[in-house]
Amino acid sequence: MFNAQRPEVDDLPTSRQLVKATAVALGVAGALLIAVILPAEYAIDPTGVGRALGLTQMGEVKAQLAQEATADEAATALAANAAPAVTTAPAAAPPAAPAAAPQAATAGIRSDVTSVTLNPGQGAEIKATMGKGLRLTYDWKVTGGAVNYDTHADAPGIDYHGYDKGQNSVGERGQLVASFDGKHGWFWRNRGDAPVTVTLRTEGTYTEIMRVV
């Protein structure tokens, strides 16, 4: 039923041949690891072959993106932790917290233009004091480059409430509706290699707007 013939013992590879073939395979795998995988994935290029093939540059881009993602997460956490330090002082006395709500609720329409200049790697945060349900429209633009941003809010007892975030943006516009009585606004970070200026225009029912970081 089967036409294939069993191989003769002399036709099978010897142990020495198998060891030699395994050594060759391991050598090829090691060469690929050093010349291709390490440069392309980790920007490690001990032989210089990876850079000549353009693989090291690919690894450097991957490493930079990973570092920026980590830095952005740290910046978000820093902004969330730093915000209460700015806002809790007025609310330290118990009567001050209830007084903030009526003031925000009776806020009239106002408009402001606020600008901040960020050096490479620098961040800044601007927030408006608003009562729950009140609104403001915003339009911010970047001159000289692009920024990463995080639109969020905080209040006594609320460290962080996110609205929106993004990377490498040259500007955003929209409407912000306060989810609770507190401070609502934006955190920007300049990830470029040159200074940039962020100009924020706001209009709505908020009582004050100021830079907190």
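Up top is the structure these notes are about.
Predicted model only: the values in this text are computed from it and were never measured.

Rules of the game
- Residues numbered from 1 in each chain as written.
- Predicted model: local features only at pLDDT ≥ 70, side-chain atom pairs only at ≥ 80, totals over all residues.
- Heavy atoms only, no water.
- Pairing = 2+ DSSP bridges.
- Helix = DSSP H or I, 4+ residues; strand = E, 2+ residues; numbered from the N terminus.
- Axes fitted to C-alpha atoms, helices over the stretch in contact; angles between N-to-C directions.
- Core = buried A, V, L, I, M, F, W, Y, C linked by side-chain atoms within 4.5 Å.
- Buried < 20%, exposed > 50% of the residue type's maximum accessible area, 1.4 Å probe, protein only.
- Contact = heavy atoms within 4.5 Å.
- Phe/Tyr/Trp six-rings, centres within 6.5 Å; stacked < 30°, edge-to-face > 60°.
- Polar contact = N/O pair within 3.5 Å; in protein donor to acceptor, adjacent residues only side chain to side chain.
- Salt bridge = Lys/Arg side-chain N within 4 Å of Asp/Glu carboxyl O.

Some points on the sheet that holds strand S7 (residues 182–189)
Okay, so step 1: Taken together, 5 strands build an open sheet; the order of strands is S5-S4-S7-S2-S9 and the sheet is antiparallel. Looking at which strands have only one partner, the edges of the open sheet turn out to be strand S5 (158–169) and strand S9 (208–211). The average angle at which neighbouring strand axes cross in this sheet is 15°, direction not considered.
Okay, so step 2: As paired strands, strand S4 (residues 147–155) and S5 are joined by 7 bridges and run antiparallel to one another. Looking across to S5, one finds that Tyr 149 is bridged to Gly 166.

Let's talk about the nonpolar core
Okay, so step 1: Counting 22 residues, the largest nonpolar core has Trp 140 and Trp 188 as the members making the most contacts within it.
Okay, so step 2: Counting residues per element, the ones that place at least two in this core are strand S1 (110–118), strand S2 (123–130), strand S3 (135–143), S4, S7 and strand S8 (196–204).
Okay, so step 3: Excluding residues that lie within four positions of it along the chain, Trp 188 makes contacts with Val 116, Leu 118, Gln 122, Gly 123, Ala 124, Ile 126, Trp 140, Val 147, Asn 148, Tyr 149, Val 198 and Leu 200.

Description of the environment of Gly 185
Okay, so step 1: When you line up the elements, Gly 185 lands in strand S7.
Okay, so step 2: In this structure Gly 185 comes out as buried when scored by relative accessible area, which is 0%.
Okay, so step 3: A C-alpha to C-alpha distance of 5.7 Å links Gly 185 and Ile 126, two positions 59 residues apart in sequence.
Okay, so step 4: Non-local contacts of Gly 185, meaning those with residues more than four positions away in its chain, are made with Ile 126, Lys 127, Asp 150, Thr 151 and His 152.

A word on the packing of aromatic side chains
Okay, so step 1: Going through the model one piece at a time under the given rule, you end up with 4 aromatic pairs.
Okay, so step 2: For the pair Trp 140 and Tyr 149, a centre-to-centre distance of 5.3 Å together with 65° between the ring planes defines the contact as edge-to-face. One exposure class covers both Trp 140 and Tyr 149, and it is buried.

Thoughts on unusual backbone geometry
Okay, so step 1: One non-glycine residue, Asn 168, lies in positive phi territory at about 50°.
Okay, so step 2: On the secondary structure map, Asn 168 appears in strand S5.

Focus: the side chain of Ser 169
Okay, so step 1: Mapped onto the elements of the fold, Ser 169 is located in strand S5.
Okay, so step 2: Residue Ser 169 is classed as buried on the basis of its relative accessible area, which comes to 7%.
Okay, so step 3: In this structure the side chain of Ser 169 is engaged in a polar contact, spanning 3.1 Å, whose partner is the backbone nitrogen of Gly 171.
Okay, so step 4: Setting aside its immediate chain neighbours within four residues, Ser 169 contacts Trp 140, Val 142, Ala 146, Val 147 and Tyr 149.

Describing the pattern of salt bridges
Okay, so step 1: All chains considered together, the criterion is met by 7 salt bridges.
Okay, so step 2: A salt bridge links Lys 127 to Asp 154, with the shortest nitrogen-to-oxygen separation between them at 2.1 Å. In this pair, Lys 127 sits in strand S2 while Asp 154 sits in strand S4, placing the two residues 27 residues apart along the sequence.
Okay, so step 3: Asp 154 gets classed as buried once you look at its relative accessible area, which sits at 1%.
Okay, so step 4: Here Lys 165 and Asp 150 are joined by a salt bridge, their closest N and O atoms 4.0 Å apart. Note that Lys 165 is positioned in strand S5 and Asp 150 in strand S4, a separation of 15 residues in sequence.
Okay, so step 5: The class for Asp 150 is buried, based on a relative accessible area of 4%.

Without other data, these values stay purely geometric and don't point to any function.
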